[in-house]
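So the chains spell out like this:
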Amino acid sequence: MLFNHKTALVTAAGAGIGRAIALRLATEGAAVVVSDINDAAGAETVGLITAAGGKAAYMHADVSQSADVAALTAFALDTFGSLDLAVNNAGIGAMPQRVEEVADTDWDRVMNVTLRGTFLALKAQIAHFRTHGGGAVVNIASVAGLSATPQLTPYGAAKHGVVSLTRSVALENAEHGIRVNAVAPGAIETAALASLPAQAKAGYTAEVPLKRLGQPEEIANAVSWLLSDEASFVTGVILPVDGGTSA
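Residues numbered from 1 in each chain as written. Predicted model: local features only at pLDDT ≥ 70, side-chain atom pairs only at ≥ 80, totals over all residues. Heavy atoms only, no water.

Asks: Even after reading the chapter, I still don't get the nonpolar core, so can you show me in this structure?
Replies: Across soluble globular proteins, nonpolar side chains have a tendency to be buried as a group. Ile 21, Leu 25, Val 32, Val 183, Val 223 and Leu 227 are the most contacted members of the largest nonpolar core, which totals 32 residues. Of all elements in the fold, only β1 (7–10), α1 (16–27), β2 (31–36), α2 (39–51), β4 (85–88), β5 (135–140) and α8 (216–227) reach the threshold of two or more residues within this core. Among all residues touching Val 32, those that are not within four sequence positions of it are Ala 8, Val 10, Ala 22, Leu 25, Ala 26, Ile 49, Lys 55, Ala 56, Ala 57 and Phe 80. (Core = buried A, V, L, I, M, F, W, Y, C linked by side-chain atoms within 4.5 Å. Buried < 20%, exposed > 50% of the residue type's maximum accessible area, 1.4 Å probe, protein only. Helix = DSSP H or I, 4+ residues; strand = E, 2+ residues; numbered from the N terminus. Contact = heavy atoms within 4.5 Å.)

Asks: Can you help me understand helix α4 (residues 104–130) in this one?
Replies: Along an α-helix, residues three or four apart share an orientation, since each turn contains 3.6 residues. Counted at 1.5 Å a residue, the expected span for α4 with its 27 residues is 39 Å, and the 37 Å between its end C-alpha atoms agrees. Of all bends in α4, the biggest is about 40 degrees, found at Asn 112. (Expected span 1.5 Å × (residues − 1). Bend = angle between axes of the 7 residues up to and from the residue.)

Asks: Please explain the environment of Ala 40 as it appears in this structure.
Replies: Tracing the backbone through its elements, the reader meets Ala 40 in helix α2. Note on Ala 40: relative accessible area 56%, which makes it exposed.

Asks: Before we go on, may I ask you to explain the pairing of β5 in this structure?
Replies: Each regular strand carries side chains that alternate between the two faces of the sheet. The buried fraction of β5 amounts to 6 of the 6 residues, a majority that puts the element mostly inside the structure. Burial along β5 is two-sided: Gly 135, Val 137 and Asn 139 facing one way and Ala 136, Val 138 and Ile 140 facing the other are all buried. Taken together, the 4 bridges between β4 and β5 define a ladder with parallel strand orientation. Across the sheet, the residue bridging to Leu 85 is Ala 136, located in β5. Handedness of the crossover joining β4 and β5 through α4: right-handed. Where β5 lies against strand β6 (residues 178–185), 6 bridges are found, and the strand directions are parallel. (Pairing = 2+ DSSP bridges. Right-handed = clockwise from strand over helix to strand, strands pointing away.)

Asks: Quick question: what am I supposed to make of the pairing of β1 here?
Replies: The side-chain alternation of β1 yields two buried faces, one formed by Thr 7 and Leu 9 and the other by Ala 8 and Val 10. Direction of pairing for β1 relative to β2: parallel, over a ladder of 4 bridges. Bridging from a neighbouring strand, Val 10 pairs with Val 34 of β2. With 3 bridges connecting them, β1 and β4 associate as parallel partners. Bridging across to β4, Leu 9 finds its partner in Ala 86.

Asks: Can you help me understand the environment of Ala 71 in this one?
Replies: Here Ala 71 lies in helix α3 (residues 66–80). A relative accessible area of 25% means that Ala 71 is categorised as partly exposed. Ala 71 sits 10 residues away from Ala 61 along the chain, and the two C-alpha atoms are 8.3 Å apart.

Asks: Would you take a moment to explain the packing of α4 against helix α5 (residues 153–173) for this structure?
Replies: Pairs of packed helices are described in terms of their axes, by the angle between the two and the distance that separates them. Direction vectors running N to C along α4 and α5 enclose 15 degrees, while the axes themselves pass 8 Å from each other. On the basis of their axis angle, the class for α4 and α5 is roughly parallel. Crossing of α4 against α5: the hand is right-handed. Here Trp 107, Val 110, Met 111, Thr 114, Leu 115, Thr 118, Phe 119, Leu 122, Ile 126 and Arg 130 of α4 come into contact with α5, specifically with Thr 153, Pro 154, Tyr 155, Ala 157, Ala 158, Lys 159, Gly 161, Val 162, Leu 165, Val 169, Glu 172 and Asn 173. Residues of the contact of α4 with α5, tallied by class, amount to 14 nonpolar, 5 polar and 3 charged. (Axes fitted to C-alpha atoms, helices over the stretch in contact; angles between N-to-C directions. Parallel < 35°, antiparallel > 145°, perpendicular 65-115°, else oblique. Left-handed = near helix turned anticlockwise from the far one by under 90°. Nonpolar A, V, L, I, M, F, W, Y, C, P; charged D, E, K, R; others polar.)

So, to be careful, I would describe these as geometric facts and stop short of saying anything about function.
If you want it as structure tokens, here you go:
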């Protein structure tokens, strides 16, 4: 197993991509700290892991709050004795709008969770890894962070920020044995996409060169590899997992 005797933290792991990542890391032997603001969903993820014979524990955390984020590291240490891997998955979007129509509060909400939350998480994780011999982090970016995002200005700006954070923090910490990478998902069949009208879903699918939506497990596969020693010479990389969309 890739992660025997290691502890991983996954934010927003109550459903969708975050849950798929938590399940995959547990399958590979990691003890997983599951974080979310939806306590029922987080507990369900923990239940799925433990029912399959894995180790997991849940902690409520709002990633936009520095105290919550810092407490996750302490929780991992208290519960499992270490923190070796981290996946910063928490992020939100907003309804499609032209920039002049975006409310200040919507902009702030997206930035606080998606960009500030990733910054706060990295801040806490890197401080821990610097004093504990290294570690590996994967941030969840987006293809929206790689190109223009008309009518999705807050989300695109936040994800561009996640891309920049990933590269900068990777270079700051490479000599300390800390690797920081990101996965940039394209159109993934999460609950949000599944709930769209058939015509809208078909439109998303048509834009993907592979002519299908991605699955959360396919993002989890990429995250698992980037966290593992198989990617030991990889840092500062933004890996698109998007069916060819960004190409």
